[in-house]
Amino acid sequence: MTRADDAILEFLLNEGNRPLIANPSTVEANIDYKISHVRRRLRALQDGGLVEYYDEDRGLYQISERGKAYLQGELEAADLESDE
């Protein structure tokens, strides 16, 4: 897990409100990472089950239940690496 991963997950969680559904460009506009890095990290997060497609045809992502559990401290980064 990287700082960018945490920033992406926290953005999508949108704590205190409804979780967001966003494309990579929207994520990039709201966190401090370039679009190419955001796309690469979204793919890695998807491979780890932390984000999932809301609408694959439109490239829209949402945080998964596993991603929420990670942010709530129910999963450790080491647990995620052993799953890959």
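All values derive from a computational prediction rather than experimental measurement. Counting restarts for each chain: residues are numbered from 1 in the order of the written sequence. It should be noted that, the model being predicted, local features are given only for residues of pLDDT at least 70 and side-chain atom pairs only at 80 or more, the latter also being counted only at that level, while totals for whole chains, interfaces and linings use all residues. Processing note: side-chain calculations cover all non-hydrogen atoms of the structure and skip hydrogens and water entirely.

Undergrad: Can you break down the overall build of the chain residue by residue, with the values?
TA: Secondary structure elements follow DSSP: runs of H or I no shorter than four residues count as helices, runs of E no shorter than two count as strands, and numbering proceeds from the N terminus. Across its full length, the chain holds five helices and two strands. Beginning at the N terminus, the succession of helices and strands in the chain can be written as α-α-α-β-β-α-α. Restricting the calculation to C-alpha atoms gives the radius of gyration, and the globule rule supplies 2.2 Å times the number of residues raised to the power 0.38. Its C-alpha radius of gyration of 12 Å places the chain within 12% of the 12 Å reference for a compact globule of 84 residues. Counting only C-alpha atoms and orienting by the principal axes, one finds that the chain spans roughly 30 × 25 × 25 Å. Nonlocal contacts in the chain, meaning residues at least 24 apart in sequence, comprise 45% of its contacts between residues at least 6 apart. Where accessible areas are quoted, they stem from the Shrake-Rupley method and a 1.4 Å probe; at the residue level, only the protein chains shown are allowed to cover. With an accessible surface of roughly 5,400 Å², the chain has 40% of that area assigned to carbon and sulfur atoms. Here the chain holds 10 positive side-chain charges and 18 negative ones, and the gap between their average locations is 7 Å. Whether two residues are in contact is decided by their heavy atoms: any pair within 4.5 Å suffices. His is not counted here, nor are the chain ends, while Lys and Arg score as positive and Asp and Glu score as negative. Where a charge lies is defined by one atom per residue type, namely NZ (Lys), CZ (Arg), CG (Asp) and CD (Glu).

Undergrad: Describe the pairing of strand S1 (residues 51–55), naming the residues involved and giving the relevant values.
TA: When DSSP finds two or more bridges between a pair of strands, those strands are recorded as paired. Pairing analysis gives four bridges linking S1 to strand S2 (residues 60–63), with the strands arranged antiparallel. Within S2, the position partnered with Asp 55 by the bridge is Leu 60. What sits between the antiparallel neighbours S1 and S2 is a turn of four residues, in which Gly 59 has the positive phi angle 70°.

None of this, on its own, says anything about what the molecule does.
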